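Survey of secondary and tertiary structure
Single-letter residue listing:
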Amino acid sequence: MRQKYGPALPPEQPEEELPEPLPTQETAYLQGHDGPILAVRFNRTGTYCLTCGKDRTLRLWNPHRGVHIKSYAGHGYDVRDVCVSSDNSK
């Protein structure tokens, strides 16, 4: 015997808090690439970011202080994108 189902109802969810507004002013200027930056990726908590660009490097930054932490060079071509793992392990 087939059982009839009613319309799917979404599960009850707690009221969501409104996100913080996006910044409207520049807080730091990350200076160091020798050409255009092609991508910027932040870690999950926003404490670090990686940039990559036409100068064939990846750079690790503390964006809140504007401090360059480390450069990764040796790529043969432009570095067009970068990915950050969710647990900061790689």
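This text follows the structure it describes.
These figures come from a predicted structure and were not determined experimentally.

Describing the overall build of the protein
- Along the protein, the regular secondary structure elements total zero helices and four strands.
- Taken from N to C terminus, the helices and strands of the protein fall in the order β-β-β-β.
- Taking all 90 residues of the protein together, the buried fraction comes to 21%.
- Sequence separation of at least 24 residues holds for 30% of the intrachain contacts in the protein that already meet a minimum separation of 6.
- Carbon and sulfur atoms make up 52% of the accessible area of the protein, which totals about 8,300 Å².

Some words on the side chain of R59
- Among the structural elements, R59 can be located in strand β3 (residues 58-62).
- There is a polar contact of 3.0 Å between the side chain of R59 and the side chain of S71.

Topic: the side chain of T51
- Checked against the element boundaries, T51 lands in strand β2 (residues 49-53).
- Among the residues examined, T51 registers a relative accessible area of 1% and is labelled buried.
- At 2.7 Å, the side chain of T51 and the side chain of H33 are in polar contact.
- At 2.8 Å, the side chain of T51 and the side chain of W61 are in polar contact.
- Residues contacting T51, with those up to four places away along its chain left out, are H33, I37, A39, V40, T57, L58, R59 and W61.

Some points on the pairing of β3
- Counting buried residues along β3, five of its five residues qualify, which places the element largely inside the surrounding structure.
- Residues L58, L60 and N62 of β3 are buried on one face, and the alternating residues R59 and W61, pointing to the opposite face, are buried as well.
- Here β2 folds back onto β3 in antiparallel fashion, the turn holding four residues, of which R56 has a positive phi close to 70 degrees.
- In the sheet, β3 pairs with strand β4 (residues 67-72) via five bridges, with the strands oriented antiparallel. Following the sheet pairing, R59 is matched in β4 by S71.
- Here β3 folds back onto β4, and the loop between the two strands holds four residues, one of which, G66, carries a positive phi near 75 degrees.

Points about the sheet that holds β2
- Spatial strand order, β1-β2-β3-β4: four strands in an open sheet with antiparallel pairing. This sheet does not close on itself; its edge strands, each paired only once, are β1 (37-42) and β4. Between one strand and the next, the sheet's axes are offset by a mean angle of 20 degrees, whatever the strand orientation.
- Of the pairings in the sheet, the one linking β1 to β2 comprises five bridges and is antiparallel in character. For R41, the partnering residue across the bridge sits in β2 and is L50.

What counts as what
Residue indices follow the written sequence of each chain, beginning from 1 at its first position. In keeping with the predicted nature of the model, local features appear solely for residues at pLDDT of at least 70, side-chain atom pairs appear and are counted solely at 80 or more, and the whole-chain, interface and lining totals rest on all residues. Side-chain measures here rest on the full set of heavy atoms in the structure, leaving out hydrogens and waters. A run of H or I in DSSP becomes a helix once it reaches four residues, and a run of E becomes a strand once it reaches two; helices and strands are each numbered from the N terminus. Throughout this description, buried means an accessible area under 20% of the type-specific maximum (1.4 Å probe, protein chains only), exposed means over 50%, and partly exposed covers the range between. Throughout, a residue-residue contact means that at least one pair of heavy atoms, one from each residue, lies within 4.5 Å. The Shrake-Rupley method, run with a 1.4 Å probe sphere, supplies the accessible areas, and residue values consider only the shown protein chains as cover. N or O atoms within 3.5 Å of each other form a polar contact, as long as, within protein, one can give a hydrogen and the other can take it, and as long as residues adjacent in sequence are counted only when both atoms are side-chain atoms. Strands were regarded as paired on the criterion that DSSP finds at least two bridges between them. Between N-to-C directions, angles cover 0 to 180 degrees, with each direction set by a line fitted to C-alpha atoms, over the stretch in contact for helices.

Remember that the coordinates give geometry; whether it matters functionally is a separate question.
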